Amino acid sequence: MTMPTYTPPTSPYARDPFYAMGAADAYDEHHNGLGVHDLKRRADEMLDVPSTGRDSTDLYVCGYANAVIGLLNTHIAQTNAQADVAQTWLARKQGRETSTLHQRHRTHR
């Protein structure tokens, strides 16, 4: 039996240099200390500016916005994981984790 191979979908513009410059700028700004909410605000401002009709500018903004989306998804996943750890720690501290009442009312998602 053969295993099907999975090819991840990529953007048709992923190899364009202007798209790559936009993504690289977003990652660099985040690495230099700019928060994800500031990056989102910048991407929103770039997307609100009317298109100039030049492909290079549009591809730069597209690459920047896609990189910001990836950074936001990472931020949200890390925040959710930290919240789960904190809730488990709090339940253990309060003795609710092994309580039958706690287990009975716990909902699995």
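Use the structure listed above.
This one's a predicted model, so the numbers in the text were calculated from it and none came from an experiment.

## Considering the overall build of the protein chain
Scanning the protein chain from terminus to terminus reveals four helices and zero strands. Counting the 109 residues in the protein chain, one finds 17% classified as buried. Sequence-distant contacts, at least 24 apart, represent 62% of the contacts inside the protein chain between residues at least 6 apart. Carbon and sulfur atoms make up 57% of the accessible area of the protein chain, which totals about 8900 Å².

## Looking at the pattern of salt bridges
In the structure shown here, the tally under the stated rule is three salt bridges. In this structure, the salt-bridge partner of E29 is R42, at a minimum N-O distance of 3.1 Å. Taken together, the positions of E29 in helix α1 (residues 17-31) and R42 in helix α2 (residues 36-48) put the pair 13 residues apart, joining distant regions of the chain. The exposure class of E29 is partly exposed, given its relative accessible area of 22%. Here D44 makes a salt bridge to K40, at a shortest N to O gap of 3.2 Å. Separated by four residues within a single helix, D44 and K40 lie in helix α2, roughly one turn from each other. Overall, D44 belongs to the partly exposed group, its relative accessible area being 35%. Relative accessible area serves as the criterion here: at 38%, K40 is assigned to the partly exposed category.

## Side note on α1
Helix length check: α1 (15 residues) gives 21 Å between terminal C-alpha atoms against 21 Å at 1.5 Å per residue, within 8%. If you follow the buried residues of α1, they end up packed against α2 and α3 (55-94). Between a side-chain oxygen at the N-terminus of α1 and the backbone nitrogen of F18 the separation is 3.0 Å; the capping residue is D16. At the exit of α1 stands G33, carrying a positive phi of roughly 110 degrees.

## Some remarks on the nonpolar core
Counting residues in each nonpolar core, the largest one holds ten residues, listed as A23, A26, V36, L39, A43, Y64, A67, V68, L71 and L72. Of all the elements in the fold, those that place two or more residues in this core are α1, α2 and α3. Sorting elements by how many residues they give to this core places α3 first, with five residues. Apart from the residues lying within four places of it in its own chain, the contact partners of Y64 are G22, A23, D25, A26, E29, L39, R42, A43 and M46.

The rules behind each value
Residues numbered from 1 in each chain as written. Predicted model: local features only at pLDDT ≥ 70, side-chain atom pairs only at ≥ 80, totals over all residues. Heavy atoms only, no water. Helix = DSSP H or I, 4+ residues; strand = E, 2+ residues; numbered from the N terminus. Buried < 20%, exposed > 50% of the residue type's maximum accessible area, 1.4 Å probe, protein only. Contact = heavy atoms within 4.5 Å. Areas by Shrake-Rupley, 256 points an atom, 1.4 Å probe, with all protein chains shown as cover. Salt bridge = Lys/Arg side-chain N within 4 Å of Asp/Glu carboxyl O. Expected span 1.5 Å × (residues − 1). Polar contact = N/O pair within 3.5 Å; in protein donor to acceptor, adjacent residues only side chain to side chain. Core = buried A, V, L, I, M, F, W, Y, C linked by side-chain atoms within 4.5 Å.

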